[in-house]
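Observations on the model geometry
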Amino acid sequence: MGVGAILAIASLSLRHRLPDPAGLLADLRREPLQEATQAAPFETKVGGVTYTVNPLADYQIWGLVVSNHDSDTWWDWIHRASNDHLNVVDLCVVFAENVERGAYVGLNYSSGQFVCYVETSSYERWRHFSLRALSNNHLLADRPSIISKLRDVQVGDQVRIRGRLAEYAHNHGFAFRRGTSLTRDDTGNGACETIYVEEVEVLSAGGRPWRWLLWPAIALVLSGLIVWLRSPFRAS
């Protein structure tokens, strides 16, 4: 049981550790690919709400996931209050020069309901980090297969996402609309990319071997606990 507990603690601590720069694929050094789109606006229904999606550009991005947010998490009240069931996941990724220079290493990343935060106490690390090579992507999906893949993506994964930068809206009880950034050079409110996802691919999964060891470690702890509970009591 003791070995299992140690493995479980180590797995929980290290399964989302970011890979070293040498372990990143060459594709992650690429800039996102944005092109004019021929796609027309369309309607889709998710969670009983009908949305109008207006594609603005074809888009593809390669990146290292440094933080994520699932809109189904218990503390996310904004998506529920907004009747927003289309934005299923946010993935915050680094790419291009942050990958090329290894500038993402040593910073702390976290996600709020719509925001990706980056923090460091080191002036040198911040000086080398490029905010334009960090992207918080609001990912829209209506196909169960895509939704499942998006929710399987974890911090430390290297991913490729293809779809369309889009704005979307509904009138389910009230008028709701969200837009998207169309440039990598903006910051602050409105700088996130909103992508209607047509394809998502995990190019390389992170957290090895700790993700694989987590469930065997938990099984060791539980089996050890069962053996201990079934052992006869011996008075000292």
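Residues numbered from 1 in each chain as written. Predicted model: local features only at pLDDT ≥ 70, side-chain atom pairs only at ≥ 80, totals over all residues. Heavy atoms only, no water.

**A short note on the overall build of the protein chain**
- Counting its secondary structure elements, the protein chain contains six helices and ten strands.
- With 236 residues in all, the protein chain has 44% of them scored as buried.
- Considering only residue pairs separated by 6 or more positions, the protein chain has 78% of its internal contacts joining residues 24 or more positions apart.
- Approximately 12700 Å² of the protein chain is accessible, and the part contributed by carbon and sulfur atoms is 55%. (Helix = DSSP H or I, 4+ residues; strand = E, 2+ residues; numbered from the N terminus. Buried < 20%, exposed > 50% of the residue type's maximum accessible area, 1.4 Å probe, protein only. Contact = heavy atoms within 4.5 Å. Areas by Shrake-Rupley, 256 points an atom, 1.4 Å probe, with all protein chains shown as cover.)

**Comments concerning the nonpolar core**
- Within the largest apolar cluster, 24 residues are counted, with the highest numbers of intra-cluster contacts made by V65, L91, L139, L150, I161, I195 and V197.
- Once you skip the residues sitting within four places of it in the chain, V65 turns out to touch L18, L91, C92, V93, V153, Q154, V155, G156, D157 and V159.
- In terms of nonpolar packing, the next biggest core, distinct from the first, is built from 16 residues, L28, V66, V99 and L134 among them. (Core = buried A, V, L, I, M, F, W, Y, C linked by side-chain atoms within 4.5 Å.)

**Quick notes on unusual backbone geometry**
- Its identity as a non-glycine residue notwithstanding, N83 has a phi of 55°, on the positive side.
- Here N83 shows up in the loop between helix 2 (77–81) and strand 4 (87–94).
- The backbone of A96 sits at a positive phi, close to 50°, despite the residue not being glycine.
- With respect to the secondary-structure elements, A96 resides in the loop between strand 4 and helix 3 (97–100).

**Examining the pairing of strand 5 (residues 108–111)**
- Side chains Y109 and S111 of strand 5 all project onto a buried face; the interleaved residues N108 and S110 project onto a face where none is buried.
- Hairpin connection of strand 5 to strand 6 (residues 116–119): four residues between the antiparallel strands. (Pairing = 2+ DSSP bridges.)

**Some points on the pattern of salt bridges**
- One pass over the full model with this rule turns up 17 salt bridges.
- Here R151 makes a salt bridge to D72, at a shortest N to O gap of 3.2 Å. Placement of the pair is R151 in helix 5 (residues 144–152) and D72 in the loop between strand 3 (49–70) and helix 2, with a sequence separation of 79 residues.
- Exposure remark for R151: the relative accessible area of 31% places this residue in the partly exposed category.
- Using a relative accessible area of 58% as the deciding quantity, one classes D72 as exposed.
- Put simply, D58, R160, R162, R164, E198, E199 and E201 are held in one network by salt bridges that share partners. (Salt bridge = Lys/Arg side-chain N within 4 Å of Asp/Glu carboxyl O.)

That's the geometry; what it means functionally is another story.
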